[in-house]
Amino acid sequence: MLPKRDSWAEPYKIKMVELLKMTTPEQRKKALIEAGYNTFLLKSEDVYIDLLTDSGTSAMSDEQWSGMMRGDEAYAGSKNYYNLEKAVQEVYGYKYLVPTHQGRGAENILSQIMIKPGDTVPGNMYFTTTRLHQELAGAVFHDVIIDEAHDSNSEYPFKGNVDLNKVEKLVQEYGADNIPYICVAVTVNLAGGQPVSMKNLKELRAYTHEKGIKIMLDMTRIAENAYFIQQKEEGYRLKTIAEIVKEICSYTDGGTFSGKKDALVNIGGFLALNDFEKFEEARNMVVVYEGLHTYGGLAGRDMEAMAIGIHESVQDEHMKARIGQVIYLGDKMDEFGIPIVKPIGGHGIFVDAKQFLPHIPQDEFPAQTLAAEIYLDAGIRTMERGIVSAGRKANGENYHPKLELVRFTIPRRVYTQAHMDVIAESTARVYERRNQIKGLKMIYEPKYLRFFQARFEQL
Ligand SMILES: Cc1ncc(COP(=O)(O)O)c(C=O)c1O
Ligand SMILES: N[C@@H](Cc1ccc(O)cc1)C(=O)O
């Protein structure tokens, strides 16, 4: 067989490194018990490879670091705000910008200015913070993602797509007047970083236009979604990521953004809108919750780094290496027979805990258990994305999501291919001893977003 000739490589070189601490199995066991078997409660210094999240964990470029030095820390009218506004207008095409400290700050403001109590908000699968803000504003969330998204074995290439029949059913039942907007996430985090196709967005735009319903993007990982469109959707192979990103936004009315993902910064976010009246409301609201409308809870230097990161995020070679690394890890896990969500998505590998630990019932938290076991093996930190994350319904019952997953989230520009090998091998070791693994019971449950702070004990 001829050797492989189409390898990708990182379009950067390493200028500074952060040393990692290795731990012993005994140290990890102790740390895990102290953390109540919740990877969110581990101390970062007890972690070897940190795949908890791709949020705020990416490595900034030298350009971004030099942007930090150009921070204009004026209370009002910082020049970095105008640079960020320009970046948002140029890259996404939205007219108005309201900066926020991170994505959920924007979700809060959007929910408050758009939703009236009793409204219905459809979305392509829930996201924890997004749904909570919609609910706190008085709306009921309805999942309108296609059925394939709930099936970890379906190889459908655009599992993030909205099912228009499900939307139509909601319109029939609740009336378009009671649906302020549809929230469309690109890519869909909890489905496994799955993309939405341009065709689907165009169809949704045509439909919502006719009904007078707005589309608000959760544009947190929009550049990653654009990469999948470029690679998989007919007619987009020769378009750049930048062109595709702008086209996606053109079918929508605005979006919330967590700059901590695509935009390669450690903190920051924004709300972008096209409607001036809504913008005025949001700009007024931001001073209540975040800070003045020209900084929204951010330092000037943070806005500068985000403006630069937005431009870097839509470079084709960056995205090729970014997703290439995720696919490399997924392929390795696949070779070991580890059950993962297919197709491989944008920001990480999602291991199917129901298939991995079929002997553990969902009420004994298989994904939480597996994340704990993965940490024990080699100090790799991952995140539960199953019944714990899904939380409870308004009537107090637990949601029982079909997907019970452990997310191995890859920070951008941080780890090497050798780290990916270590991660896959460690997971394979846990897979070999899967039959001996026992479930957990929850011993402490906070009211909101319980997965962040809940505590568990081994059964
Ligand atoms: C899809 C998605 N939307 C919204 C958010 C909220 O962003 P942030 O963490 O910046 O508040 C996140 C991450 O939290 C996310 O992954
Ligand atoms: N958005 C980040 C941080 C986060 C994690 C879990 C959540 O449910 C909410 C926020 C992520 O997806 O990793």
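Residues numbered from 1 in each chain as written. Chains lettered and ligands numbered in written order. Predicted model: local features only at pLDDT ≥ 70, side-chain atom pairs only at ≥ 80, totals over all residues. Heavy atoms only, no water.

(A) Examining the overall build of the protein chain more closely. Looking only at helices and strands, one finds 16 helices and 14 strands in the protein chain. Against the compact-globule benchmark of 23 Å for 459 residues, the protein chain has a radius of gyration of 21 Å, which places it among compact chains. Summarising its shape, the C-alpha atoms of the protein chain cover approximately 60 × 55 × 50 Å along the three principal directions. Classification of the 459 residues of the protein chain by burial places 59% in the buried group. For the protein chain, long-range pairs separated by at least 24 residues make up 72% of all intrachain contacts whose partners lie at least 6 apart in sequence. (Helix = DSSP H or I, 4+ residues; strand = E, 2+ residues; numbered from the N terminus. Rg over C-alpha atoms; globule rule 2.2 N^0.38 Å. Buried < 20%, exposed > 50% of the residue type's maximum accessible area, 1.4 Å probe, protein only. Contact = heavy atoms within 4.5 Å.)

(B) Highlighting a nonpolar patch on the surface. Side chains of Tyr 12, Ile 14, Val 17 and Leu 19 sit close together on the surface and give an oily, nonpolar patch of about 470 Å² of accessible area. On the secondary structure map, Ile 14 appears in the segment before helix H1 (25-34). Exposure remark for Ile 14: the relative accessible area of 61% places this residue in the exposed category. (Patch = residues over 30% accessible without salt bridge, like charges linked within 9 Å, V, L, I, M, F, W, Y side chains within 5 Å. Areas by Shrake-Rupley, 256 points an atom, 1.4 Å probe, with all protein chains shown as cover. Salt bridge = Lys/Arg side-chain N within 4 Å of Asp/Glu carboxyl O.)

(C) Representation of the pairing of strand S3 (residues 120-123). The alternating pattern of S3 places Thr 120 and Pro 122 on one face and Val 121 and Gly 123 on the opposite face, and all of these are buried. Taken together, the four bridges between S3 and strand S4 (residues 140-143) define a ladder with parallel strand orientation. Following the sheet pairing, Pro 122 is matched in S4 by His 142. Once the chain exits S3 it traverses helix H5 (residues 128-136) before rejoining the sheet at S4, and the crossover so formed is right-handed. (Pairing = 2+ DSSP bridges. Right-handed = clockwise from strand over helix to strand, strands pointing away.)

(D) Just the nonpolar core, in detail. Counting 59 residues, the largest nonpolar core has Tyr 92, Val 184, Phe 270 and Ile 310 as the members making the most contacts within it. Per-element tally for this core: the top contributor is helix H8 (residues 222-232), with six residues. If we skip the residues at most four places from it in the chain, Tyr 92 touches Ala 87, Met 219, Ile 222, Val 245, Lys 246, Cys 249, Phe 257, Phe 270 and Ile 310. The next biggest cluster of nonpolar side chains, apart from the first, holds 32 residues, and it includes Leu 357, Ile 374, Met 420 and Tyr 431. (Core = buried A, V, L, I, M, F, W, Y, C linked by side-chain atoms within 4.5 Å.)

(E) Highlighting the domain arrangement of the protein chain. Domain assignment breaks the protein chain into domain 1 (25-54 + 316-458) and domain 2 (62-313). Centre-to-centre separation of domain 1 and domain 2, based on C-alpha positions: 26 Å. Listed as interface residues are 32 residues of domain 1 and, on the opposing side, 43 residues of domain 2. Buried surface at the junction of domain 1 and domain 2, both sides included, amounts to about 2900 Å², of which 55% is carbon and sulfur. Area buried by domain 1 at its contact with domain 2 is led by Met 319, Pro 343 and Leu 403, which between them contribute 19% of it. Summed over the shared surface of domain 1 and domain 2, the number is four salt bridges. The salt bridge involving Arg 412 is made with Glu 224; its shortest N-O contact spans 2.9 Å. Counting across the interface, domain 1 meets domain 2 through 19 residue pairs in polar contact (both at pLDDT 80 or more). A total of six residues in the side of domain 1 that touches domain 2 trace back to one element, the largest contributor, which is helix H12 (residues 316-335). Considered class by class, the residues forming the side of domain 1 that touches domain 2 number 15 nonpolar, six polar and eleven charged. (Domains from an automatic or database assignment. Buried area = accessible area lost by both parts, 1.4 Å probe. Polar contact = N/O pair within 3.5 Å; in protein donor to acceptor, adjacent residues only side chain to side chain. Nonpolar A, V, L, I, M, F, W, Y, C, P; charged D, E, K, R; others polar.)

(F) Geometry of the UniProt feature "modified residue: N6-(pyridoxal phosphate)lysine" (unreviewed entry) in the protein chain. Taken from the UniProt record, the annotation "modified residue: N6-(pyridoxal phosphate)lysine" (unreviewed entry) applies to Lys 261. Its location among the elements puts Lys 261 in the loop between strand S7 (254-258) and strand S8 (269-273). (UniProt positions renumbered as here; feature names shortened; annotations may be inferred.)

(G) Highlighting the site of ligand 1. Around ligand 1 sit 13 residues, and of these Gly 103, Arg 104, Asp 218, Ser 258 and Lys 261 come closest. In the environment of ligand 1, an oxygen atom lies 2.6 Å from a nitrogen or oxygen atom belonging to the side chain of Ser 258. When isolated, ligand 1 has an accessible area of 380 Å², and the protein chains bury 95% of it. The element best represented in the shell around ligand 1 is helix H4 (residues 103-114), accounting for three residues. Residue composition of the shell around ligand 1, by class: one nonpolar, six polar and six charged. (Near = heavy atom within 4 Å.)

(H) Quick look at H4. Here H4 contains twelve residues, and its C-alpha end-to-end distance of 16 Å stays within 8% of the 16 Å for a straight helix at 1.5 Å per residue. A large share of H4 lies buried, amounting to ten of its twelve residues. All of the buried residues in H4 are Gly 103, Gly 105, Ala 106, Glu 107, Asn 108, Ile 109, Leu 110, Ser 111, Ile 113 and Met 114. (Expected span 1.5 Å × (residues − 1).)

(I) Molecular detail of empty space enclosed by the protein. Under the definition given, this model contains two cavities of 30 Å³ or more. In this structure, the largest cavity occupies an estimated 90 Å³ of space. For the second largest cavity, the calculated volume is near 60 Å³. In terms of lining, the second largest cavity is formed by Glu 107, Leu 110, Ser 111, Thr 130, His 133, Gln 134, Tyr 181, Cys 183, Met 216, Leu 217 and Thr 256. When residues of the lining of the second largest cavity are traced back to their parent elements, those giving at least two are H4, H5, strand S5 (181-185) and strand S6 (214-218). The class makeup of the residues in the lining of the second largest cavity is five nonpolar, five polar and one charged. (1 Å grid on protein atoms, 1.4 Å probe; cavity = no way out; pocket = protein on both sides within 12 Å on 5 of 7 lines; lining within 4 Å. Points joined across faces, edges and corners; volume = space filled by probe spheres on them.)

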